[in-house]
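Chains, contacts and geometry: an overview
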Amino acid sequence: MKEHFSLYGSLCVLDNPELQRNLECNLARGFQQCEPLPERTGRLAVCGSGPSLRDYADELHDFDEVWAINGAYDFLLNRGLVPQGFIGCDPVPGLWEYLQHPQASTTFYLSGLCDPSSFDGLTDHNIKLWFPAQKGIKYGKGKWLIPGGTTVMTCAPFLAKMLGWTNVTMFGADSSFKPEGRYAYPDNTYVEDSQRPINWVRCNGEGPFPTELLLCKQVSMLGVLAQLPGIKVSFRCGGLMDAYLRAPMEEYPDDAEIYIPELVREADNVPAT
């Protein structure tokens, strides 16, 4: 029986002129910028907000430094752990909602393409800009660009490597949901939390996992990061990401039919099939 595959892609929710305006506004405010640091010893934990973060959060006390992404920041604060870093890259208004309880000991690593409102509540806090390698953006001279695609989870290991970390563990990178909710914290805690349509995906004979288009893309990219030279990237998570990491890699059959739809913006909420 001939197998059928569909390939999907996505684009940033803003176009390049809009991103360029964000960048120029943020640069004009004179924030510090991330630059390469010498290699350091120790272990870094990067925490996404997937449901499994509840299961593994107690392990974070064994790490030398902890970074949180979006709602994972408040989740960890509520458990008595103050992350040393917050990392964000959303280019549209809304990221500020995750930054209502900034702590003095946290460094806020925010993309230079973030909406300027993201910085407004961080007066007197330690802000450092980083720059995603977005094609078509004019960054100017002297900027170190971070690869990794369109999600902060996939950019984080590259930023960590630039800042000297060579041993990174990703928590809460499930890239799928549980019946009781999408996040480690209750759904609808933040207006910015995703409301995209659910897609059901099987992997390695497991599932189906409830997920969404952007997270399917994230899974494949994180799988590549797990094999990067020069940095050890490991995972403590469940769901679709865990199933993918345990899946054997297979090539397309020679007679497979590949359907390639048009690229869609992430905000269009076009479900995968």
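Residues numbered from 1 in each chain as written. Predicted model: local features only at pLDDT ≥ 70, side-chain atom pairs only at ≥ 80, totals over all residues. Heavy atoms only, no water.

1. What to know about the nonpolar core
Nonpolar side chains in soluble globular proteins generally cluster together in the buried interior. To keep it simple, the criterion reads: Only buried residues count toward a nonpolar core, which is a set of Ala, Val, Leu, Ile, Met, Phe, Trp, Tyr and Cys residues joined through side-chain atoms within 4.5 Å. Relative accessibility under 20% of the residue-type maximum defines a buried residue, over 50% an exposed one, and the middle range a partly exposed one, all with a 1.4 Å probe and only protein chains included. A run of H or I in DSSP counts as a helix once it spans at least four residues, and a run of E counts as a strand once it spans at least two, with each numbered from the N terminus. Contact between two residues is taken to exist if any of their heavy atoms lie within 4.5 Å; hydrogens are not considered.
Counting residues in each nonpolar core, the largest one holds 36 residues, and the members touching the most others are Cys47, Leu60, Val66, Leu76, Phe86 and Leu110. Taken together, the elements giving at least two residues each to this core come down to helix 1 (16-28), strand 4 (44-47), strand 5 (65-69), helix 3 (72-78), strand 7 (107-111) and strand 8 (126-132). Contact partners of Cys47, with chain neighbours within four places excluded, come to Leu53, Leu60, Val66, Trp67, Ala68, Ile69, Ala72, Leu76 and Phe171.

2. A word on the packing of helix 4 (residues 152-162) against helix 5 (residues 213-225)
What counts is decided by this rule: Fitted lines through C-alpha atoms give the axes, limited to the stretch in contact for helices. The angle between two N-to-C directions lies from 0 to 180 degrees. Working definition: roughly parallel below 35 degrees, roughly antiparallel above 145 degrees, roughly perpendicular at 65 to 115 degrees, and oblique for all remaining angles. Helix crossings fall into two classes, left-handed where the near helix is turned counterclockwise from the far one by less than a right angle and right-handed where it is turned clockwise. Throughout this entry, Asp, Glu, Lys and Arg are counted as charged residues, while Ala, Val, Leu, Ile, Met, Phe, Trp, Tyr, Cys and Pro are counted as nonpolar. The remaining residues, Gly among them, count as polar.
Relative orientation of the contacting elements helix 4 and helix 5 amounts to 20 degrees, with a least axis distance of 9 Å. Regarding the angle of helix 4 to helix 5, the classification is roughly parallel. Taken as a pair, helix 4 and helix 5 cross one another with a handedness that is left-handed. Along its contact with helix 4, which presents Met153, Thr154, Pro157 and Phe158, the element helix 5 presents Gln218, Met221, Leu222 and Leu225. The residue inventory of the contact of helix 4 with helix 5, partitioned by class, reads 6 nonpolar, 2 polar and no charged.

3. Some details on the environment of Gly205
Of note, Gly205 is situated in the loop between strand 11 (199-203) and strand 12 (206-211). The exposure class of Gly205 is exposed, given its relative accessible area of 78%. Separated by 42 residues in sequence, Gly205 and Ala247 have C-alpha atoms that sit 8.7 Å apart.

4. Side note on helix 1
What counts here: Expected helix span is taken as 1.5 Å per residue step, with the number of steps being one fewer than the number of residues. In this description, one arc is meant: the one made by directions from the helix axis to the C-beta atoms.
With 13 residues, helix 1 extends 18 Å between its outermost C-alpha atoms, agreeing within 8% with the 18 Å of an ideal straight helix rising 1.5 Å per residue. Leu19, Gln20, Asn22, Leu23 and Asn26 are the residues of helix 1 that are buried. Relative to the axis of helix 1, the buried residues are bounded by an arc of 160 degrees and lie together on one face. The exposed residues of helix 1 that point more than 90 degrees off its buried face are Arg21 and Ala28. Of the residues one or two after helix 1, Gly30 is the one with positive phi, at around 75 degrees.

5. Points about the packing of aromatic side chains
Stated precisely, the cut-off is as follows: Two aromatic rings, drawn from Phe, Tyr or Trp (for Trp, its six-membered ring), form a pair once their centres lie within 6.5 Å of each other, and the interplanar angle then sorts them: stacked below 30 degrees, edge-to-face above 60, tilted otherwise.
Enumeration over the complete set of coordinates arrives at 10 aromatic pairs. With a centroid separation of 5.0 Å and 0 degrees between ring planes, the pair formed by Tyr183 and Tyr185 is classed as stacked. Of the two residues, Tyr183 and Tyr185, both sit in the buried class. Chaining the aromatic ring pairs together yields one cluster made of Tyr98, Tyr183, Tyr185 and Tyr190.

6. Side note on the pattern of salt bridges
Where we set the bar: Criterion for a salt bridge: a side-chain nitrogen of Lys or Arg within 4 Å of a carboxyl oxygen of Asp or Glu.
Within the structure shown, the criterion is met by 10 salt bridges. Of the charged contacts, one joins Glu180 and Arg54 as a salt bridge, the two residues approaching to 3.7 Å between their closest N and O atoms. Separated by 126 residues along the polypeptide, Glu180 in the loop between strand 10 (167-171) and strand 11 and Arg54 in helix 2 (residues 53-56) bring together distant segments of the chain. By relative accessible area, which is 58% here, Glu180 ends up exposed. Exposure remark for Arg54: the relative accessible area of 31% places this residue in the partly exposed category. When salt bridges with common partners are traced through the structure, they connect Arg182, Arg196 and Glu212 into a single cluster.

7. Examining the confidence of the model for the protein chain
What counts here: pLDDT: the predictor's confidence for each residue, scored from 0 to 100.
With 85% of its residues at a pLDDT of 70 or more, the protein chain shows a mean pLDDT of 86. In the predicted structure, residues 3-8 sits below a pLDDT of 50 and forms 22 contacts with residues beyond four places in sequence or in another chain. Within the model, the stretch residues 258-273 combines pLDDT values under 50 with 38 contacts to residues more than four positions away or in other chains.

8. A short note on the pairing of strand 8
Here is the key point about a regular strand: its side chains alternate between the two faces of the sheet. Condition: Strands qualify as paired when DSSP identifies two bridges or more between them.
Most of strand 8 sits out of view: 5 of its 7 residues are buried. As judged from the 2 bridges shared by strand 3 (residues 32-33) and strand 8, these two strands associate in the parallel manner. Residue pairing in the sheet places Gln33 in a bridge with Leu129 of strand 8. Inspection of the sheet shows strand 7 paired to strand 8 by 5 bridges, in the parallel sense. Residue pairing across strands places Tyr109 opposite Lys128, the latter belonging to strand 8.

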